[in-house]
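# What the coordinates show
If you want the building blocks of each chain, they are given just below.
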Amino acid sequence: MKLATLKDHTRDGRLIVVSRDLGAAAPATGIASTLQAALDDWPATEGPLQTLYDAVNAGSAADVFPFDPAACHSPLPRAYQFVDGSAYLNHVNLVRKARGATMPPEFLEDPLMYQAESDAFYAPHEDIPVESEDYGIDMEAEVAAVVDDTPMASTPEQSAAHIRLLMILNDVSLRGLIPAELAKGFGFLNGKASTAFAPVAVTPDELGDAWRDGKIHLPLVTHWSGKEFGRPNAGVDMNFSLPRLISHAAKTRRLGTGTIVGSGTVSNVDPSDGFSCIAEIRAIEMIEHGEPKTRFMKFGDTVRIEMFDAVGASIFGAIEQKIVGYTAPA
């Protein structure tokens, strides 16, 4: 099924069920008021939500209205936890190689992961305000899983059973701030702006054969200011599956319902597939030419991130954002 969150006067919005073709939607009235509430009581809400989803697809649901992605929050406007990994080691290797560093062998066995911002996600069609272009503004197109209560020390096989929803996202990175933060040895903070998720979250069964081995085997398409920037396949060259990342996050602690686990930048070894972030093409330019040639994003630039099924239909809807100068509240 496909679920989304309409903006309203509350922080957490109103849960709606969206048709498979993203053309229509219906409120989840009487089932759950928000997506978090639905997840919190998933054994009781999954069946009624599926029934409503079937009715929306059949055109027989009450209170159906045209689906408008621009009227939506991210599916979870805020989450109890968001951890982001780096499942595509091609990306890690390129970025490290560009600065003259090698990839430690333990990276092949132990995923990188950091605790990300989760208290105020951007809406999928919301501008990205940044104080200065000198911050090195970059997009990062990724995939993510939303889990229910996952016990500490869950294996990847056990973690797979706790995946309830899948999403795609734009993990906004400020590359000019990251090196100084990493030099402190304590991880990201200012180098990561708020994240936006595509308007629709889907249950794994919606992906059919494209969901296998804990990976989404479909291209993730990114456009930068109207021009295609990349379409790497999210299931190719993914060294750590989503269940493996979830297991890593749960190594020493339980994960609460609604926790989001991100994949990190989707990256393919074959550069002809393009890129999901600017840092990666700049790394290749640095390796090949001794200096980067591609600039980071400027005010007025736009980014669009979307994933399509085998027949070209949008699965999650699109993330569409513009970079704008930040204006402080009066």
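What comes next is a walk through the structure. In this text the structure is predicted, and so the values were computed from the model without any measurement.

For the rest of this paragraph, the subject is the packing of aromatic side chains. Aromatic ring pairs are defined here through the distance separating the ring centres and the angle between the ring planes. With the rule as written, the count across this model stands at six aromatic pairs. Plain terms: the ring middles of Y114 and F188 are 4.9 Å apart, the flat faces sit at 80 degrees to each other, and that makes the pair edge-to-face. With Y114 in strand β6 (residues 113–115) and F188 in the loop between α5 (178–183) and β11 (192–197), this pair connects stretches of sequence that are 74 residues apart. Relative accessible area serves as the criterion here: at 15%, Y114 is assigned to the buried category. Seen from their ring centres, F121 and F197 are 4.8 Å apart, and the 70 degrees between their planes marks the pair as edge-to-face. Here F197 lies in strand β11 and F121 lies in the loop between β6 and β7 (128–130), a separation of 76 residues in the sequence. Like F197, F121 is buried. A connected cluster of aromatic rings, assembled from ring pairs, spans F82, F121 and F197.

Attention now moves to the pattern of salt bridges. Under the defined criterion, the tally for this structure stands at 12 salt bridges. Here E140 ties to K192 by a salt bridge, and the two come within 2.8 Å at their closest N and O atoms. Taken together, the residues span a long stretch of sequence, with E140 in the loop between β8 (137–138) and β9 (141–147) and K192 in strand β11 at a distance of 52 residues. Here E140 falls in the buried class, since its relative accessible area comes to 5%. Judged by relative accessible area, which is 14%, K192 ranks as buried. Counted as one network, the salt bridges with shared partners bring together D138, E140, D171, R175 and K192.

Scoring rules and cut-offs
Residues numbered from 1 in each chain as written. Predicted model: local features only at pLDDT ≥ 70, side-chain atom pairs only at ≥ 80, totals over all residues. Heavy atoms only, no water. Phe/Tyr/Trp six-rings, centres within 6.5 Å; stacked < 30°, edge-to-face > 60°. Helix = DSSP H or I, 4+ residues; strand = E, 2+ residues; numbered from the N terminus. Buried < 20%, exposed > 50% of the residue type's maximum accessible area, 1.4 Å probe, protein only. Salt bridge = Lys/Arg side-chain N within 4 Å of Asp/Glu carboxyl O.

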